[in-house]
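Now for the letters of each chain:
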Amino acid sequence: MQTNFSVWRDQNGIPHVEAADDGGMYQGQGYVHARDRGMQLLLMRILGQGRASEFLDASEEMLAVDTFFRRMNWGGGTQSALDALKPEDLSCLEAYCEGVNTGLRTKTPWEFRLLGYRPDPWQPDDCVLIARMLGYLTLAQSQSEIERLCVEMVQAGVPLDKLEELFPGNLEELDVDLLKQVTLGERIVPPEVLWSIAAPRMMASNNWVVSGRKTASGQPILANDPHLEVNRLPNVWCELVMRCGERTLMGGSMPGLPGLLVGRSPDLAWGATYAFVDSSDSWIEQCRDGCCYRENGDRWQSFNTRREIIKRKKKTPVEVVFYENGHGVLDGNPHQEGYYLATRWAPGETGAAALSAVFEIGRATSVAEGMAIMGTIESAWSIVFADRHGDIGYQMTGLVPRRREGATGFIPLPGWVAENDWQGFLTIDEMPRALNPEDGFIVTANNDLNALGTASPINMPMGAYRAERIRDLLQEEKKFTVDDMTAMHFDLYSLQAEQFMTILAPLLPNTPQGEILKTWDCCYDATSKGAYLFERFYQELYREVFGRNGMGEKVIDFLAAQTGVFIDFYENFDRVLLAPQSAWFGGQTREDIYRKAVERALTADPQEWARDRQITMAHILLGGKLPGWTGFDRGPLTGIGSRATIHQGQIYESGGRVTTFLPSFRWVTDMAEPFLQSNLAGGPSDRRFSKWYVSDLANWQAGRYKTVSPAGDQERLPFP
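1. Some details on the sheet that holds strand β8 (residues 262-264)
By way of backbone hydrogen bonds, the strands of a sheet pair with one another, either parallel or antiparallel.
Inference 1: Spatially, nine strands are ordered β1-β2-β6-β7-β8-β9-β17-β18-β20 in an open sheet, and the strand pairing comes out mixed. Two strands lie at the open edges of the sheet, namely β1 (5-9) and β20 (433-435), each paired on one side alone. Each strand axis lies, on average, 20° off the axis of its neighbour in the sheet, ignoring direction.
Inference 2: Judged from the five bridges that link them, β1 and strand β2 (residues 15-19) form a sheet pairing that is antiparallel. Residue pairing in the sheet places Arg 9 in a bridge with Pro 15 of β2.
Inference 3: Packed onto the sheet, helix α1 (residues 22-48) meets β1, β2, β6 (238-244) and β7 (247-253) and runs at close to 155° relative to β6.

2. Re the nonpolar core
Inference 1: Counting 187 residues, the largest nonpolar core has Phe 167, Leu 517, Phe 534, Phe 537 and Phe 546 as its most contacted members.
Inference 2: What Phe 537 contacts, discounting residues up to four positions off in sequence, is Phe 500, Leu 504, Tyr 594, Ala 597, Val 598 and Ala 601.

3. With respect to unusual backbone geometry
Inference 1: Here the amide bond leading from Gly 635 into Pro 636 is cis, since omega sits at 5°, within 30 degrees of zero.
Inference 2: Tracing the sequence through the fold places Pro 636 in strand β23 (residues 634-638).
Inference 3: Of the consecutive residues Phe 719 and Pro 720, the connecting peptide bond is found in the cis state with omega at 0°.
Inference 4: Within the secondary structure, Pro 720 sits in the segment after β28 (706-708).
Inference 5: The phi dihedral of Lys 314 falls on the positive side, at around 60°, and the residue is not glycine.
Inference 6: The residue Lys 314 is located in the loop between β13 (304-312) and β14 (315-325) in this model.
Inference 7: Despite not being glycine, Cys 522 has its phi angle at roughly 65°, a positive value.
Inference 8: By the element assignment, Cys 522 lies in the loop between α16 (512-518) and α17 (529-551).

4. A word on the packing of α17 against helix α21 (residues 590-601)
Helices that pack against each other are described as a pair by the angle of their axes relative to one another and the distance between those axes.
Inference 1: Across the interface, α17 lies against α21 with an axial gap of 8 Å and an inter-helix angle of 130°. Judged by the angle between their axes, α17 and α21 are oblique. Between α17 and α21 the crossing geometry is right-handed. Contact with α17, carried on its side by Leu 533, Arg 536, Phe 537, Glu 540, Leu 541, Glu 544, Val 545, Arg 548 and Asn 549, involves Ile 593, Tyr 594, Lys 596, Ala 597, Val 598, Arg 600 and Ala 601 of α21 and no other residues of that element.
Inference 2: For the contact of α17 with α21, the class distribution of residues is nine nonpolar, one polar and six charged.

5. Details of the packing of aromatic side chains
Inference 1: By the definition in use, this model includes 36 aromatic pairs.
Inference 2: Aromatic pair Phe 55 and Tyr 117: ring centres 4.6 Å apart, planes at 55°, arrangement tilted. One end of the pair, Phe 55, is in helix α2 (residues 52-55); the other, Tyr 117, is in the loop between α6 (110-115) and α7 (124-136), with 62 residues separating them in the sequence. Taken as a pair, Phe 55 and Tyr 117 share a single burial class, namely buried.
Inference 3: Ring pairs connect the aromatic residues Phe 500, Trp 520, Tyr 524, Phe 534, Phe 537, Tyr 538, Tyr 542, Phe 546, Phe 573, Trp 584, Tyr 594 and Trp 609, which therefore count as one cluster.

6. Some words on α1
In an α-helix there are 3.6 residues to a turn, and that puts residues three or four apart on one side.
Inference 1: If you check α1, its first and last C-alpha atoms are just 28 Å apart, much less than what 27 residues at 1.5 Å a residue would give, namely 39 Å.
Inference 2: When the local axis directions of α1 are compared, the greatest deviation, roughly 100°, occurs at Arg 37.
Inference 3: With 25 of 27 residues buried, α1 is to be regarded as a mostly interior element.
Inference 4: After α1 finishes, the residue Gly 50 shows a positive phi value of roughly 70°.

7. So, the pattern of salt bridges
Oppositely charged side chains may form a pair once their charged atoms are brought near each other.
Inference 1: Scanning the model with the defined rule gives 37 salt bridges in all.
Inference 2: Arg 404 is paired through a salt bridge with Glu 173; the nearest N and O atoms lie 2.8 Å apart. Of this pair, Arg 404 sits in the loop between β18 (392-396) and β19 (413-414) while Glu 173 sits in the loop between α9 (160-166) and α10 (176-179); the two residues are 231 residues apart in sequence, bridging distant segments of the chain.
Inference 3: Overall, the relative accessible area of 16% leaves Arg 404 in the buried class.

Cut-off values and rules
Numbers given to residues run from 1 along each chain, matching the order in which its sequence is written. The predicted origin of the model limits local features to residues at a pLDDT of at least 70 and limits the giving and counting of side-chain atom pairs to 80 or more, whereas totals for whole chains, interfaces and linings rest on all residues. Water and hydrogen atoms were dropped before computing side-chain values, which therefore reflect all heavy atoms in the structure. For two strands to pair, DSSP has to find at least two bridges joining them. Strands here mean DSSP runs of E at least two residues long; helices mean DSSP runs of H or I at least four residues long; both are numbered from the N terminus. Only the stretch in contact is used when fitting a helix axis, every axis being a line fitted to C-alpha atoms; angles between N-to-C directions are given from 0 to 180 degrees. By the convention used here, residues are in contact when the closest approach between their heavy atoms is within 4.5 Å. Among buried residues, the Ala, Val, Leu, Ile, Met, Phe, Trp, Tyr and Cys ones that are joined through side-chain atoms within 4.5 Å form a nonpolar core. Remark: exposure states derive from per-residue accessible area (1.4 Å probe, protein chains only) relative to the maximum for the residue type, with buried under 20%, exposed over 50%, and partly exposed in between. Should an angle fall under 35 degrees it is taken as roughly parallel, and over 145 as roughly antiparallel, whereas 65 to 115 is taken as roughly perpendicular and any remaining angle as oblique. Each crossing gets its hand from how the near helix is turned against the far one by less than a right angle, where anticlockwise is left-handed and clockwise is right-handed. Any residue outside Ala, Val, Leu, Ile, Met, Phe, Trp, Tyr, Cys, Pro, Asp, Glu, Lys and Arg is labelled polar, Gly included; the first ten of those are nonpolar and the last four are charged. Only Phe, Tyr and Trp rings are paired, with Trp represented by its six-membered ring, and only when their centres lie within 6.5 Å; those with planes under 30 degrees apart are stacked, over 60 edge-to-face, the remainder tilted. The span one expects for a helix is its residue count, reduced by one, times 1.5 Å. To get the bend at a given residue, fit one axis to the seven residues ending there, fit another to the seven starting there, and take the angle between those axes. Criterion for a salt bridge: a side-chain nitrogen of Lys or Arg within 4 Å of a carboxyl oxygen of Asp or Glu.

Here's what the structure looks like:
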């Protein structure tokens, strides 16, 4: 195949692709992904296809992972998505795949040669698979977890008044007696196990954009810092600069997908966070003899049966059977009479719009164009925009079901009632969006943004603390610079802690530990002893209120150790903990509960916050399997911040492994300049013996930002 591009590296190791046309540019991007991130790219496909047991590891845990991905079936029905692409976009997609295959033919990652794996050619439907995976392996999984938790709480007999406090506005359709009859299948796999190899999980993120009337340059400034799991190598993000003729794109890409998910062109910048949109619903199905009941027409309808054979390395293959209908995949066997849940995730059946958007955004020249283009993406993102004309904007994306009046999508409804079915999908104009707001800035941090739309696609947002802190800083009377934005990326002040400390401070004892906590500045820096003691108090408060007075300590410990419920949806629990009175208090006053919790917490010797914040960045395939001196794993590193600080720093053990969510890729751009500033938790390459394996890690740790710019007069280093 003829190559229609050239590739070189700048002084930071970032690949620059140059081509005369779009096809050549995306062909070059595919080549770069294969050469710099071939291991990551192929692992993602193996995982998404549910073939990890066949090629990597035949353990029972890996079988569970494969079963999960086979259940989701993201590789099915890809042709319809490809058929929906415009001819010019399909041509660019095919060029990207050609570039991937050229790169893999040039050199297949040696890790796969050791495993005896010979990759099939990369195809356009593989890109559809990756697009669907990326949309779900963010927080769609967490949304399903919190909805399942509510069902489990109902079945465990948690009183309705307590449920109302945790899930306000979402329980109007709750049929307690019916839900108690539902048989729940075993959890297929603890969520965190899925992220132990290649899969990227988008935990949370910040992005904000400031109008030129509030900046020193007089042009908009955009900042973004996606929060992903950083204790992995390589980083999920792959930085790129791509030049087609006189037009340059630069920013963050994902191996396996063409285009840039975040970044800028000469005219337009865009940054993304996850939107916590609810695009996944469950229905209660009454089943018997392989059929489900319906009120009207044919009373008993058959399920479609899908059989999958999971090959296992040096073991006997396993057949898994899935039963499907218009409500998705059944969590159970309909041949065994009973009530089961069927679950459907709307974006899992699409993918064309996301692929088209990544091509078209590179051609857009204004915020209005960017909003119209990115607003069609099927998975859920909050995207902020800035252009060189001075406009700023915001658009929420996502294929969001239109539900009947009174149904929020949070509670499973009877599947046999036709009016409970989805009634189409929300339009882009109904989704939250904004253009040039009066206050001169836009902030998103996984918070509730429903007020910016005419519909309410979010029913379970993340806490608003980070967004409120960013707003507080941007409301200052000053002319902001890029340096101000990079400093905000490292802000460690917690509004969450401030709210709790307002109640707790008067109750603290006059002891050395009490004094440390009383004088704490609510910042989660590495040396803070106040942060250490506060977190002990916060954990004891959970055990006291939701454990001893509610679900039981073992349940609370399980949720903390095996799910992301307390990580993703802490605002729901804070609402109870901060309330003056609550059914969860078991007749006690809030102050009495706080005193009990802090008494237990302050028995500990105060330690610096960094003590339990040491993490190792593990190679996604060989992590922990080779001696430290080989250099595949790196660390220890110290994670600063906490769940509610702008610099999010969540480190916890789950599913038997350490999970981290910190800023994986920080970047800022001023539209008055043709470049951006960034740092990455890792480096451009997934090749351990490349000088670019972790070449940006020191910058990421120290808070230094490198300059990413068009070709200009930069030194051109050879690729790869």
